[in-house]
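One letter stands for each residue in the lines below.
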Amino acid sequence: MLLLKQLCSRAQLLRPQQLLGCPAPCESVPALADLFGRFHNYLRISVTERCNLRCQYCMPEEGIDLTENDKLLTTDEILRLARVFVEQGVDKIRLTGGEPTVRRDIVELVRGLNSLRPLGLKKIAMTTNGIALRRKLPLLHEAGLDGLNISLDTRDPRKFELFTRRKGCEHVLRAIDDATRLGFDFVKVNVVVMRGQNEDEVPAFVEMTHDDSVDVRFIEYMPFDGNKWGQSKLVGYRELLDRLVKTYGDSLERLPLEDNHTAKGYRIKGYKGQFGFITSMTHSFCSSCNRVRVMADGNLKVCLFGNTEVSLRDLLRAGASDEEVLKTISDAVKRKKRAHAGLDILFVFMYTTQSISHKLAAAHRTQVRRQFSALRPSMHKLTHVDESGEAHMVDVSEKPATLRTAIARGRVLMNQETFNLIKQDKIKKGNVLTVAQIAGIQGAKTCWQAIPLCHPINITKVSVEFKLIDHGLVEPLDRAVEIESLVKCKGETGVEMEALSAVSVAALTIFDMCKAVTKGMRIDGVRVVEKSGGKSGHWKSD
């Protein structure tokens, strides 16, 4: 390939003062820095839309419409864009898909990226499902690939076929085994945890770290168009950690956080490897995000959750100079939001149990085509929004009055000092739990005043109870006050919001009374766990 040869020769001839490449569009702000102080030195490149699996949480069952080949980036175009990014400070590139190993020239592409090391590139990694990886491992390692992320959600061949709609579990396990022995800098195993499907295998995955230097990462189940995501399938990392603490006790160790971390790392004393949790849903890592993505069709995404894309392919094919391409990239980075694009909408929907609107899902199908693994908030049918999109209060006058109950839970995470002061009743403002209990009850009773579309109802019972949780681990926020509220009424509408309000106000009161000790507390996991009454009857969280 012509460009590959040019890159190799150019890399050898460049002097240190020339490695800066194209000038940044603004003297004071680097080209790859956004307006919130985040510098983006990590580039993810989707090299294909094709995949040899049909994972249920990743691709709709009916498949996707693939982009025409002539509209996908060529190898030379990928390498040119990679060079522009590296010249501006990108030092890590990850190849993704689709499934990158189905690309015929994947080894040559890695070799081409490897030629960028004199310009400042330090790491080349790949995310793969491992099905077709094993026979290519030696060639990829020789070409310059530093590390691998191998996706595997179950070690059970039967469940593997159910999850992926394909056979091949043993191929992936053998690929992981071979990769750990070939000398890659890192081999990570990505496990998407889904309630009722594979959370029981978490200890077995941890045991993979006993004899091999693998890094197993448990990923919270996230929404993709067409994957029928629901809150009931999400298993938060705190829940998983609690289970592992019970299994491993004091042998469980917390690892220091890495720069621009996405995973909270742990290891078992005496084990060769480690494991961690990627908490995209319960604790985002937006504040330290250093990633941008180039899609297979050449579109640039500065946030994986965002729908905004800028076509770099069209620029390249229109004859744009490197300076013009860089300005477009820099302008897009400067528009990046502080936090997940659209995630605020997603969390509004997390407590609804109604099915995804197939009509709206179909409307997004053209976006899925670009890259089926790109995250997008799933839309639900909302009872408080009419067909025109206007908000309104639901008319409950025709509903029968029945006994309604709801239980909600949440917790306030804190350090050991704050936890001990609460436990010993030594907070200067007074008895924290007593005041929080009263505040929680009041919060339930006045919920309708704070939430515009809630009905004022005659509550017959509110209870707010607390439990002090001490995991005994040495980490900043390992202690917690767990809050549970129970709300009852006899009426035409449910009391889920009142139960949530009780927990939330109690949690905020704890924060307020203890903030003089530390402002590093975190309110976490506020959710409805059970309800009864009304048309939908009894519901309980798994």
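Residues numbered from 1 in each chain as written. Predicted model: local features only at pLDDT ≥ 70, side-chain atom pairs only at ≥ 80, totals over all residues. Heavy atoms only, no water.

Caption draft 1: Quick peek at the confidence of the model for the protein chain. In this model, the protein chain carries a mean pLDDT of 84, and residues with pLDDT of at least 70 account for 81%. Per-residue pLDDT stays below 50 along residues 1-27; that stretch engages in 47 contacts with residues further than four places along the chain or on separate chains. (pLDDT = per-residue confidence, 0-100. Contact = heavy atoms within 4.5 Å.)

Caption draft 2: Structural context of the sheet that holds strand S16 (residues 522-532). Overall, antiparallel pairing links the five strands, which are arranged S14-S15-S13-S16-S17 in an open sheet. The sheet is open, and its two borders are formed by strand S14 (459-470) and strand S17 (539-540), each paired with just one other strand. (Pairing = 2+ DSSP bridges. Helix = DSSP H or I, 4+ residues; strand = E, 2+ residues; numbered from the N terminus.)

Caption draft 3: Seen up close, the pattern of salt bridges. Inspection of the entire model under this criterion finds 27 salt bridges. Residues Arg317 and Glu77 are paired through a salt bridge, measuring 2.9 Å at the closest nitrogen-oxygen approach. Within this pair, whereas Arg317 is found in helix H9 (residues 312-317), its partner Glu77 is found in helix H2 (residues 75-87), the two being separated by 240 residues in sequence. When its relative accessible area of 41% is taken as the criterion, Arg317 is described as partly exposed. Linked by salt bridges that have partners in common, Arg80, Arg83, Glu87 and Asp322 make up one network. (Salt bridge = Lys/Arg side-chain N within 4 Å of Asp/Glu carboxyl O. Buried < 20%, exposed > 50% of the residue type's maximum accessible area, 1.4 Å probe, protein only.)

Caption draft 4: How the structure looks around the pairing of strand S15 (residues 479-491). With 13 bridges joining them, strand S13 (residues 402-414) and S15 adopt antiparallel strand pairing. Residue Val412 lies in a different strand from S15, and its bridge partner there is Val481. With eleven bridges joining them, S14 and S15 adopt antiparallel strand pairing. For Val464, the partnering residue across the bridge sits in S15 and is Ser485.

Caption draft 5: Just the nonpolar core, in detail. Ranked by internal contacts, the top residues of the largest apolar core, which has 94 residues, are Ile93, Leu95, Phe218 and Phe275. For this core, the element with the most residues is H2, which contributes seven residues. Contacts of Phe218, omitting those with residues within four sequence positions, involve Val191, Val193, Val202, Phe205, Val206, Leu240, Phe275, Gly276, Phe277 and Ile278. Judged by nonpolar contacts, the second largest core, of 28 residues, contains Ala408, Phe419, Ile427 and Ala506. (Core = buried A, V, L, I, M, F, W, Y, C linked by side-chain atoms within 4.5 Å.)

Caption draft 6: The arrangement of H2 in detail. With 13 residues, H2 should reach 18 Å at 1.5 Å per residue; the first-to-last C-alpha distance of 18 Å fits that figure. Of all 13 residues that make up H2, eleven are buried, and the element is covered over most of its length. Within H2 the residues assigned to the buried category are Thr75, Glu77, Ile78, Leu79, Leu81, Ala82, Arg83, Val84, Phe85, Val86 and Glu87. Two residues or fewer past H2, Gly89 is found with a positive phi of approximately 120°. (Expected span 1.5 Å × (residues − 1).)

Caption draft 7: Broad picture of the sheet that holds strand S5 (residues 186-193). With mixed pairing, twelve strands are arranged side by side in an open sheet as S7-S8-S9-S6-S5-S4-S3-S2-S1-S10-S11-S12. Where the open sheet ends on each side, the last strands, each with one partner, are strand S7 (252-254) and strand S12 (310-311). Pairing geometry for strand S2 (residues 92-96) and strand S3 (residues 123-128), over four bridges, is parallel. The residue bridging Arg94 from the neighbouring strand is Ala125, located in S3.

Caption draft 8: The arrangement of unusual backbone geometry in detail. The linkage connecting Gly97 with the following residue, Gly98, adopts the cis geometry, with an omega of 10°. Inspection of the secondary structure assignment puts Gly98 in the loop between S2 and helix H3 (106-114). Unlike most non-glycine residues, Arg165 shows phi in positive territory, near 60°. Topologically, Arg165 is positioned in the loop between helix H5 (157-164) and helix H6 (169-182). Look at Arg165 and you get partly exposed, because its relative accessible area is 26%. The backbone phi angle of Asp425 is positive, close to 55°, even though this residue is not glycine. Position of Asp425 among the secondary structure elements: in the loop between helix H14 (416-423) and helix H15 (432-445).

Caption draft 9: Fine view of the packing of aromatic side chains. For the structure on display, the rule yields eight aromatic pairs. Consider the rings of Phe205 and Phe218, whose centres lie 6.5 Å apart with planes at 80°: the pair is edge-to-face. Of the two residues, Phe205 is situated in helix H7 (residues 202-207) and Phe218 in strand S6 (residues 215-220); the sequence distance between them amounts to 13 residues. The exposure class of Phe205 is buried, given its relative accessible area of 1%. With a centroid separation of 5.8 Å and 75° between ring planes, the pair formed by Tyr266 and Phe277 is classed as edge-to-face. Taken together, the residues span a long stretch of sequence, with Tyr266 in strand S8 (residues 263-268) and Phe277 in strand S9 (residues 274-278) at a distance of eleven residues. (Phe/Tyr/Trp six-rings, centres within 6.5 Å; stacked < 30°, edge-to-face > 60°.)

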